[in-house]
Amino acid sequence: KVVIHFDGSCGPTNPGWVARGGWVVRRADGKTQKGSQEICRGKGATNNVAEWGALELALIWLSTARRGPLTSLEIYGDSDLVIRQLCRQWRCKKPNLQAYRDRCWGLLKALGVPWRAKWIPREQNTEADAQSVLGGQPRNPWAARRDDSPEGRLAAHKVAYQRFLDLAAEERDNIDHLNAIAKED
(Lines give C-alpha, C1' and ligand atoms only; values in the text may rest on other atoms or scores of the structure.)
Protein backbone atom coordinates (compact mmCIF):
# COMPACT_ATOMS: atom_id res chain seq x y z
CA LYS A 1 0.00 0.00 0.00
CA VAL A 2 1.17 3.51 -0.83
CA VAL A 3 -0.19 6.64 0.85
CA ILE A 4 -0.27 10.15 -0.65
CA HIS A 5 -0.87 13.31 1.36
CA PHE A 6 -1.24 16.49 -0.70
CA ASP A 7 -1.89 20.16 0.00
CA GLY A 8 -1.94 23.44 -1.87
CA SER A 9 -1.61 27.07 -0.93
CA CYS A 10 -2.05 30.37 -2.69
CA GLY A 11 -0.47 33.45 -1.25
CA PRO A 12 0.04 35.96 -0.07
CA THR A 13 -3.48 36.55 -1.46
CA ASN A 14 -6.02 34.15 -2.91
CA PRO A 15 -6.77 34.33 -5.77
CA GLY A 16 -4.18 35.80 -8.04
CA TRP A 17 -0.76 35.49 -6.50
CA VAL A 18 1.33 32.29 -6.38
CA ALA A 19 -0.20 28.80 -6.19
CA ARG A 20 2.09 26.17 -4.70
CA GLY A 21 1.61 22.47 -4.17
CA GLY A 22 3.20 20.06 -1.74
CA TRP A 23 2.97 16.31 -1.34
CA VAL A 24 4.26 13.41 0.69
CA VAL A 25 4.32 9.82 -0.60
CA ARG A 26 4.83 6.96 1.85
CA ARG A 27 5.75 3.81 -0.01
CA ALA A 28 5.03 0.27 1.09
CA ASP A 29 8.72 -0.23 1.93
CA GLY A 30 8.46 2.56 4.52
CA LYS A 31 10.38 5.13 2.50
CA THR A 32 9.01 8.64 2.22
CA GLN A 33 9.35 11.07 -0.67
CA LYS A 34 8.38 14.73 -0.36
CA GLY A 35 7.98 17.34 -3.04
CA SER A 36 6.87 20.89 -3.59
CA GLN A 37 6.50 23.06 -6.62
CA GLU A 38 5.05 26.31 -7.83
CA ILE A 39 1.95 25.43 -9.84
CA CYS A 40 1.22 28.83 -11.37
CA ARG A 41 1.12 32.55 -10.60
CA GLY A 42 -1.07 35.47 -11.47
CA LYS A 43 -4.73 35.58 -12.39
CA GLY A 44 -5.21 31.79 -12.56
CA ALA A 45 -3.59 31.08 -9.19
CA THR A 46 -6.08 29.88 -6.58
CA ASN A 47 -6.09 27.51 -3.62
CA ASN A 48 -8.12 25.01 -5.64
CA VAL A 49 -5.62 25.06 -8.53
CA ALA A 50 -2.81 24.58 -5.98
CA GLU A 51 -4.59 21.60 -4.37
CA TRP A 52 -5.28 19.86 -7.69
CA GLY A 53 -1.76 20.64 -8.90
CA ALA A 54 -0.25 19.11 -5.76
CA LEU A 55 -2.21 15.89 -6.22
CA GLU A 56 -1.25 15.71 -9.89
CA LEU A 57 2.44 16.17 -9.06
CA ALA A 58 2.30 13.42 -6.43
CA LEU A 59 0.66 11.04 -8.90
CA ILE A 60 3.22 11.89 -11.59
CA TRP A 61 6.06 11.23 -9.17
CA LEU A 62 4.51 7.94 -8.04
CA SER A 63 3.94 6.86 -11.63
CA THR A 64 7.44 7.58 -12.82
CA ALA A 65 9.54 6.77 -9.74
CA ARG A 66 7.76 3.85 -8.19
CA ARG A 67 9.80 0.95 -6.94
CA GLY A 68 8.34 -2.51 -6.62
CA PRO A 69 4.73 -3.61 -6.96
CA LEU A 70 1.92 -1.25 -6.13
CA THR A 71 -1.13 -3.04 -4.75
CA SER A 72 -3.29 -0.16 -3.51
CA LEU A 73 -3.24 3.59 -3.07
CA GLU A 74 -4.70 5.82 -0.38
CA ILE A 75 -4.97 9.55 -0.99
CA TYR A 76 -5.48 12.08 1.79
CA GLY A 77 -6.02 15.82 1.51
CA ASP A 78 -7.61 18.64 3.46
CA SER A 79 -9.48 20.03 0.45
CA ASP A 80 -13.04 18.76 0.63
CA LEU A 81 -13.65 20.08 -2.88
CA VAL A 82 -10.76 18.16 -4.48
CA ILE A 83 -11.51 14.92 -2.61
CA ARG A 84 -15.21 15.01 -3.49
CA GLN A 85 -14.57 15.92 -7.14
CA LEU A 86 -11.89 13.23 -7.42
CA CYS A 87 -14.34 10.64 -6.03
CA ARG A 88 -17.13 11.86 -8.36
CA GLN A 89 -19.32 12.98 -5.47
CA TRP A 90 -19.37 16.59 -6.68
CA ARG A 91 -19.42 17.98 -10.19
CA CYS A 92 -16.47 20.03 -11.36
CA LYS A 93 -17.77 23.10 -13.19
CA LYS A 94 -14.61 25.13 -13.89
CA PRO A 95 -12.74 24.11 -17.05
CA ASN A 96 -9.30 24.72 -15.54
CA LEU A 97 -10.12 22.44 -12.59
CA GLN A 98 -11.71 19.88 -14.90
CA ALA A 99 -8.38 19.63 -16.73
CA TYR A 100 -6.55 18.86 -13.47
CA ARG A 101 -9.23 16.38 -12.43
CA ASP A 102 -9.14 14.60 -15.76
CA ARG A 103 -5.35 14.32 -15.70
CA CYS A 104 -5.49 12.92 -12.15
CA TRP A 105 -8.11 10.39 -13.21
CA GLY A 106 -5.88 9.40 -16.14
CA LEU A 107 -2.87 8.97 -13.88
CA LEU A 108 -4.89 6.87 -11.43
CA LYS A 109 -6.22 4.71 -14.24
CA ALA A 110 -2.70 4.21 -15.61
CA LEU A 111 -1.50 3.03 -12.19
CA GLY A 112 -4.01 0.20 -12.52
CA VAL A 113 -4.58 -0.38 -8.79
CA PRO A 114 -7.52 0.15 -6.44
CA TRP A 115 -7.45 3.56 -4.80
CA ARG A 116 -9.47 5.55 -2.33
CA ALA A 117 -9.40 9.20 -1.35
CA LYS A 118 -10.44 10.66 1.97
CA TRP A 119 -10.70 14.16 3.38
CA ILE A 120 -8.70 14.79 6.56
CA PRO A 121 -8.55 17.85 8.82
CA ARG A 122 -5.71 20.30 8.22
CA GLU A 123 -4.15 19.28 11.54
CA GLN A 124 -3.59 15.76 10.14
CA ASN A 125 -2.01 17.07 6.95
CA THR A 126 0.85 19.13 8.39
CA GLU A 127 3.69 17.51 6.40
CA ALA A 128 2.04 18.18 3.04
CA ASP A 129 1.05 21.66 4.23
CA ALA A 130 4.68 22.43 5.08
CA GLN A 131 5.72 21.26 1.60
CA SER A 132 3.08 23.43 -0.08
CA VAL A 133 4.55 26.53 1.54
CA LEU A 134 7.98 25.68 0.11
CA GLY A 135 6.82 25.22 -3.47
CA GLY A 136 9.52 27.44 -4.96
CA GLN A 137 11.08 24.93 -7.32
CA PRO A 138 10.90 25.60 -11.04
CA ARG A 139 7.56 25.03 -12.69
CA ASN A 140 6.86 21.72 -14.38
CA PRO A 141 10.30 20.14 -14.93
CA TRP A 142 8.93 18.04 -17.81
CA ALA A 143 7.86 21.07 -19.83
CA ALA A 144 9.25 21.45 -23.33
CA ARG A 145 9.16 25.24 -23.08
CA ARG A 146 8.57 27.90 -20.49
CA ASP A 147 5.59 30.09 -21.20
CA ASP A 148 3.64 31.56 -18.29
CA SER A 149 0.49 32.24 -20.29
CA PRO A 150 -2.48 29.93 -19.59
CA GLU A 151 -1.99 28.39 -23.06
CA GLY A 152 1.72 27.87 -22.37
CA ARG A 153 1.05 26.21 -19.02
CA LEU A 154 -1.55 23.96 -20.62
CA ALA A 155 0.91 23.01 -23.38
CA ALA A 156 3.58 22.22 -20.76
CA HIS A 157 1.14 20.01 -18.84
CA LYS A 158 0.18 18.21 -22.05
CA VAL A 159 3.85 17.51 -22.79
CA ALA A 160 4.38 16.22 -19.23
CA TYR A 161 1.25 14.08 -19.36
CA GLN A 162 2.17 12.56 -22.73
CA ARG A 163 5.64 11.77 -21.42
CA PHE A 164 4.07 10.10 -18.42
CA LEU A 165 1.73 8.05 -20.63
CA ASP A 166 4.69 6.91 -22.75
CA LEU A 167 6.65 5.90 -19.62
CA ALA A 168 3.61 4.16 -18.13
CA ALA A 169 3.04 2.14 -21.31
CA GLU A 170 6.70 1.14 -21.37
CA GLU A 171 6.57 0.15 -17.69
CA ARG A 172 3.35 -1.83 -18.20
CA ASP A 173 5.02 -3.75 -21.07
CA ASN A 174 7.99 -4.53 -18.81
CA ILE A 175 5.69 -5.78 -16.04
CA ASP A 176 3.70 -7.95 -18.47
CA HIS A 177 6.95 -9.42 -19.78
CA LEU A 178 8.21 -10.20 -16.25
CA ASN A 179 4.87 -11.73 -15.28
CA ALA A 180 4.98 -13.97 -18.37
CA ILE A 181 8.49 -15.13 -17.45
CA ALA A 182 7.42 -15.80 -13.86
CA LYS A 183 4.48 -17.94 -15.03
CA GLU A 184 6.80 -20.04 -17.20
CA ASP A 185 8.92 -20.91 -14.15
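Parameters and conventions
- Residues numbered from 1 in each chain as written.
- Predicted model: local features only at pLDDT ≥ 70, side-chain atom pairs only at ≥ 80, totals over all residues.
- Heavy atoms only, no water.
- Salt bridge = Lys/Arg side-chain N within 4 Å of Asp/Glu carboxyl O.
- Helix = DSSP H or I, 4+ residues; strand = E, 2+ residues; numbered from the N terminus.
- Phe/Tyr/Trp six-rings, centres within 6.5 Å; stacked < 30°, edge-to-face > 60°.
- Buried < 20%, exposed > 50% of the residue type's maximum accessible area, 1.4 Å probe, protein only.
- Lys NZ or Arg CZ within 6 Å of the ring centre and 35° of its normal.
- Pairing = 2+ DSSP bridges.
- Expected span 1.5 Å × (residues − 1).
- Polar contact = N/O pair within 3.5 Å; in protein donor to acceptor, adjacent residues only side chain to side chain.
- Contact = heavy atoms within 4.5 Å.

1. Looking at the pattern of salt bridges
Next up, step 1: Scanning all chains against the criterion turns up 9 salt bridges.
Next up, step 2: Between Arg 26 and Glu 127 there is a salt bridge, and its shortest N-O distance comes to 2.2 Å. Taken together, the residues Arg 26 in strand E2 (residues 18-26) and Glu 127 in helix H4 (residues 126-134) connect sequence positions 101 residues apart.
Next up, step 3: A salt bridge links Arg 27 to Asp 29, with the shortest nitrogen-to-oxygen separation between them at 2.9 Å.
Next up, step 4: Beyond isolated ion pairs, a larger network of salt bridges with shared partners links Lys 1, Glu 74 and Arg 116.

2. Side note on the packing of aromatic side chains
Next up, step 1: Taken as a whole and judged by the stated rule, the model has 1 aromatic pair.
Next up, step 2: Relative to Trp 61, the ring of Trp 23 has its centre 5.7 Å away and its plane inclined at 35°; by these criteria the two rings are tilted. Of this pair, Trp 23 sits in strand E2 while Trp 61 sits in helix H1 (residues 47-65), and the two are 38 residues apart along the sequence. You'll find Trp 23 and Trp 61 in the same group, each marked buried.
Next up, step 3: The lysine or arginine in question, Arg 88, covers the ring of Trp 105, its NZ or CZ lying 3.7 Å from the ring centre.
Next up, step 4: One residue, Arg 103, lies across the ring of Tyr 100, its end atom 4.7 Å from the ring centre.

3. Digging into the pairing of strand E4 (residues 73-77)
Next up, step 1: Among the 5 residues that make up E4, 5 are buried, leaving the element largely enclosed by the rest of the structure.
Next up, step 2: Residues Leu 73, Ile 75 and Gly 77 line one face of E4 and the alternating positions Glu 74 and Tyr 76 line the opposite face, and both faces are buried.
Next up, step 3: Of the strand pairs in this sheet, strand E1 (residues 2-11) and E4 are connected by 5 bridges, and their pairing is parallel. Note that in E4 the partner of Phe 6 across the bridge is Gly 77.

4. Things to note about unusual backbone geometry
Next up, step 1: Here the amide bond leading from Gly 11 into Pro 12 is cis, since omega sits at 5°, within 30 degrees of zero.
Next up, step 2: Looking at the secondary structure, you find Pro 12 in the loop between E1 and E2.
Next up, step 3: Omega for the peptide link from Asn 14 to Pro 15 comes to 0°, which places this bond in the cis form.
Next up, step 4: Residue placement: Pro 15 occurs in the loop between E1 and E2.
Next up, step 5: The backbone phi angle of Arg 88 is positive, close to 65°, even though this residue is not glycine.

5. Brief notes about helix H3 (residues 95-111)
Next up, step 1: Taking 1.5 Å per residue, 17 residues should reach 24 Å; H3 reaches 24 Å between its end C-alpha atoms and fits that length.
Next up, step 2: Of the residues making up H3, those classed as buried are Leu 97, Tyr 100, Arg 101, Arg 103, Cys 104, Trp 105, Gly 106, Leu 107, Leu 108 and Leu 111.
Next up, step 3: Trailing H3 by a residue or two, Gly 112 shows a phi angle of about 70°, which is positive.

6. Thoughts on the side chain of His 5
Next up, step 1: On the secondary structure map, His 5 appears in strand E1.
Next up, step 2: The exposure class of His 5 is buried, given its relative accessible area of 15%.
Next up, step 3: Within polar-contact distance, the side chain of His 5 engages the side chain of Asn 125 at 3.2 Å.
Next up, step 4: Excluding its chain neighbours within four sequence positions, the residues that come into contact with His 5 are Gly 22, Trp 23, Val 24, Arg 26, Tyr 76, Ile 120, Gln 124, Asn 125 and Ala 128.

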